[in-house]
Amino acid sequence: MPEQVCTAQRALFFEHCLLSEGWARNVRLTLRDGVIASVEAGVSARLSDERHACAVPGMPNLHSHAFQRGMAGLAERRGASSDSFWTWREIMYRFVDRMTPDDVQALAAMAYVEMLETGFTRVGEFHYLHHDRDGRPYADPAAMSGAVIAAAAETGIGMTLLPVLYRYGGFGARPPGLAQARFLNDIDGYVRLLEGAEAHARSLPDPVIGVAPHSLRAVSPDQLADMAALAKGRPVHIHIAEQEKEVADCLGWSGQRPVEWLLAHAEVGANWCLVHATHMTEAETLALARSGAIAGLCPITEANLGDGLFPAQDFLAAGGRYGIGSDSNVLIDCAEELRLLEYGQRLVHRARNVMATGSGRSTGADLYAAALDGGGAALGRTGGIAVGHGADLVSLRLDHPSMAHREGDAIMDSFVFAGGRAAIDCVWRHGEKVVVNGRHRLRESVEKVYVRVLEALIA
Ligand code: ZN
């Protein structure tokens, strides 16, 4: 029936549009069933088209622990001795202690609203909080996974769920601490969790489920091999070489550094995402680039935790692929992640435009394209504005003072380095407009529930 065709299909018209093959002017996109059905460039708008100034592809956020949004800013007070990732982790463990699945859904929904508002349209949720407060599985072992999936369904963000296997408290199968009881599984428990998560994810339009051994310190070599087998080509994510202590502990345990050990003992390929990979030798950096795996960089969190700087220059020179993640969600902002990634490199190399891929290249456009490509690969969904791809789009205001009279790659430079989130107008996810005038359509109600839940968690 023609009416049905009309309601399922809509058209958007953009004066500027960053297509997968590059910038185009006067672009008309038709969206059908959450997918880009057609792309016409150099055409006129039709009367019924919704018109906007500029479209860029939605960005994948390849690494998030959504519930940590609730403790943003709570770990910024100096302690008795020198603070580090490890003292931050103690605060996180205390925060986690009381959370119910409903609490997790409320915190995750807030994080996902903010992700969508800043241009992230799919999240890789590296989800390790599984069990009840006493460490026993819930009647539904995937209840907590169900909570983050419900938050994705509520807010509309695309979900690549990465249920985490956490088993040990340190290298060499050291026993876990009491505070880790809610995270723990053996492989059998993990398989049940994965099946449960898959069942919950059927409520989403385009879910991806991957696997995530938490880190080399939290799983045994045998478990790591089991996880790789369970993945069957789906995304495999692992935290690695974030901390110098972790490198020293790994050397003490195996005689090898974390990235060196992983590349020697697992078939690391393009479906793998190595999150952080901060502390690498030159040889490790080149080997990681050659493996085809994605480096999962989280510049704001890595700065907040004092982790160190990723060796981006060598990695890029060797053809390495990367994406960005908001990780601890201490501040959720796509443009700011990209900006800080570049600024960290500028400060350490005392040079400008380090992440641009060649002379005359635009740093903003190259950062955006690389993170779109790497993030999409890491999350199991190719992004970009092209026929057949998901209709995950961000429109930018070209009347924002930082964006006025920009064209082509200058739009991306000005978005990343100057305008940032204030230049975001609308966001479409799976063809639905979820952000209008920079605000998620459910922000008010999600915020209200979030504030109420937080009161109980912080009190
Ligand atoms: Zn993480």
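1. Quick word on the domain arrangement of the chain
Turning to step 1, where the next piece is worked out: In terms of domains, the chain is made up of domain 1 (9-57 + 385-437) and domain 2 (59-379).
Turning to step 2, where the next piece is worked out: Between the C-alpha centres of domain 1 and domain 2 there is a distance of 29 Å.
Turning to step 3, where the next piece is worked out: Counting residues at the interface gives 19 residues for domain 1 and 28 residues for domain 2.
Turning to step 4, where the next piece is worked out: On the domain 1 side of the interface with domain 2, the three residues burying the most area are Phe 417, Arg 421 and Arg 429, jointly 36% of the side's total.
Turning to step 5, where the next piece is worked out: Across the contact surface, domain 1 and domain 2 share two salt bridges.

2. As for helix 3 (residues 101-117)
Turning to step 1, where the next piece is worked out: Counted at 1.5 Å a residue, the expected span for helix 3 with its 17 residues is 24 Å, and the 24 Å between its end C-alpha atoms agrees.
Turning to step 2, where the next piece is worked out: Counting buried positions along helix 3 yields 15 of 17 residues, so the element is predominantly enclosed.

3. Examining the pattern of salt bridges
Turning to step 1, where the next piece is worked out: Tallied over the entire structure, the rule returns 24 salt bridges.
Turning to step 2, where the next piece is worked out: Salt-bridge contacts for Glu 50 lead to Lys 433; the nearest nitrogen and oxygen are separated by 2.6 Å. Of this pair, Glu 50 sits in strand 4 (residues 50-57) while Lys 433 sits in strand 16 (residues 432-436), and the two are 383 residues apart along the sequence.
Turning to step 3, where the next piece is worked out: Across the pair Arg 234 and Glu 198 runs a salt bridge whose closest N-O atoms are separated by 2.7 Å. Placement of the pair is Arg 234 in the loop between helix 6 (221-231) and strand 10 (236-240) and Glu 198 in helix 5 (residues 187-201), with a sequence separation of 36 residues.

4. Overview of the packing of helix 12 (residues 334-349) against helix 13 (residues 363-379)
Turning to step 1, where the next piece is worked out: With their axes 11 Å apart at the nearest point, helix 12 and helix 13 run at an angle of 115° to one another. The orientation of helix 12 relative to helix 13 falls into the category roughly perpendicular. The handedness of the crossing between helix 12 and helix 13 is right-handed. For the pair helix 12 and helix 13, contact is made by Cys 334, Leu 338, Leu 341, Glu 342 and Arg 346 and by Thr 363, Leu 367, Tyr 368 and Ala 371, respectively.

5. Looking at the sheet that holds strand 17 (residues 439-440)
Turning to step 1, where the next piece is worked out: Ordered by their spatial adjacency, eight strands build an open sheet running 3-2-1-4-14-15-16-17, and the pairing between neighbours is mixed. Each edge of the open sheet carries a strand with a single partner, namely strand 3 (35-40) and strand 17.
Turning to step 2, where the next piece is worked out: Pairing between strand 14 (residues 393-396) and strand 15 (residues 424-429): three bridges, direction antiparallel. Along strand 15, the bridge assignment pairs Val 394 with Val 427.

6. Here we look at the pairing of strand 6 (residues 120-127)
Side-chain positions along a regular strand alternate between the two faces of the sheet.
Turning to step 1, where the next piece is worked out: The element strand 6 is largely enclosed, with a buried count of eight among its eight residues.
Turning to step 2, where the next piece is worked out: Crossover connection from strand 6 via helix 4 (residues 143-155) to parallel strand 7 (residues 158-165): handedness right-handed.

7. Brief notes about the packing of aromatic side chains
Aromatic ring pairs are defined here through the distance separating the ring centres and the angle between the ring planes.
Turning to step 1, where the next piece is worked out: Applying the stated criterion to the full structure yields ten aromatic pairs.
Turning to step 2, where the next piece is worked out: Judged by centre distance (5.3 Å) and plane angle (45°), the rings of Trp 253 and Trp 261 are tilted.
Turning to step 3, where the next piece is worked out: Looking at Trp 261, the relative accessible area reads 6%, which means it is buried.
Turning to step 4, where the next piece is worked out: Consider the rings of Tyr 343 and Phe 417, whose centres lie 5.8 Å apart with planes at 40°: the pair is tilted. Here Tyr 343 is found in helix 12, whereas its partner Phe 417 is found in helix 14 (residues 409-419), with 74 residues between them in sequence.
Turning to step 5, where the next piece is worked out: With a relative accessible area of 22%, Phe 417 lands in the partly exposed category.

8. Describing empty space enclosed by the protein
Turning to step 1, where the next piece is worked out: Applying the stated criterion to the full structure yields two cavities of 30 Å³ or more.
Turning to step 2, where the next piece is worked out: If you add up the space inside the largest cavity, you get close to 200 Å³.
Turning to step 3, where the next piece is worked out: What lines the largest cavity is a set of 19 residues, among which Phe 85, Trp 88, Met 92, His 214 and His 239 lie closest to the centre.
Turning to step 4, where the next piece is worked out: Here the lining of the largest cavity gets five residues from one element, more than from any other, and that element is helix 2 (residues 85-96).
Turning to step 5, where the next piece is worked out: What lines the second largest cavity is simply Gln 68, Met 71, Ala 72, Gly 73, Leu 74, Ala 75, Glu 76, Trp 88, Asn 304, Ser 328 and Val 330.

9. Re helix 4
In an α-helix, one turn spans 3.6 residues; hence positions three or four apart end up facing the same way.
Turning to step 1, where the next piece is worked out: The first and last C-alpha atoms of helix 4 sit 18 Å apart over 13 residues, in line with the 18 Å expected at 1.5 Å per residue.
Turning to step 2, where the next piece is worked out: Here helix 4 has its buried residues at Ala 143, Met 144, Ser 145, Gly 146, Ala 147, Val 148, Ile 149, Ala 151, Ala 152 and Thr 155.
Turning to step 3, where the next piece is worked out: Where the residues of helix 4 are buried, they touch helix 3, strand 6, strand 7, helix 5, strand 16 and strand 17.
Turning to step 4, where the next piece is worked out: Where helix 4 ends, the next residue or the one after it, Gly 156, has phi of about 95°, a positive value.

10. What to know about the coordination of the zinc ion
Turning to step 1, where the next piece is worked out: With distances of 2.1 to 2.7 Å, the protein atoms coordinating the zinc ion are His 63 (NE2), His 65 (NE2), His 239 (NE2) and Asp 327 (OD).
Turning to step 2, where the next piece is worked out: Taken together, the four donor atoms coordinating the zinc ion and their angles of 82 to 173° define a geometry best described as irregular.
Turning to step 3, where the next piece is worked out: Written as a sequence motif, the donor arrangement for the zinc ion is H-x1-H-x173-H-x87-D. Pair noted here: His 65 is in the loop between strand 5 (59-64) and helix 2 and His 239 is in strand 10, with a separation of 174 residues, a long-range link.
Turning to step 4, where the next piece is worked out: Taking relative accessible area as the criterion, His 65 reaches 3% and is therefore assigned buried.

Rules used in this analysis
- Residues numbered from 1 in each chain as written.
- Predicted model: local features only at pLDDT ≥ 70, side-chain atom pairs only at ≥ 80, totals over all residues.
- Heavy atoms only, no water.
- Domains from an automatic or database assignment.
- Contact = heavy atoms within 4.5 Å.
- Buried area = accessible area lost by both parts, 1.4 Å probe.
- Salt bridge = Lys/Arg side-chain N within 4 Å of Asp/Glu carboxyl O.
- Helix = DSSP H or I, 4+ residues; strand = E, 2+ residues; numbered from the N terminus.
- Expected span 1.5 Å × (residues − 1).
- Buried < 20%, exposed > 50% of the residue type's maximum accessible area, 1.4 Å probe, protein only.
- Axes fitted to C-alpha atoms, helices over the stretch in contact; angles between N-to-C directions.
- Parallel < 35°, antiparallel > 145°, perpendicular 65-115°, else oblique.
- Left-handed = near helix turned anticlockwise from the far one by under 90°.
- Pairing = 2+ DSSP bridges.
- Right-handed = clockwise from strand over helix to strand, strands pointing away.
- Phe/Tyr/Trp six-rings, centres within 6.5 Å; stacked < 30°, edge-to-face > 60°.
- 1 Å grid on protein atoms, 1.4 Å probe; cavity = no way out; pocket = protein on both sides within 12 Å on 5 of 7 lines; lining within 4 Å.
- Points joined across faces, edges and corners; volume = space filled by probe spheres on them.
- Donors = N, O, S within 2.8 Å, 3.2 Å for Na, K, Ca; no water.
- Tetrahedral: all angles 85-135°; square planar, octahedral: opposite > 155°, others 65-115°.

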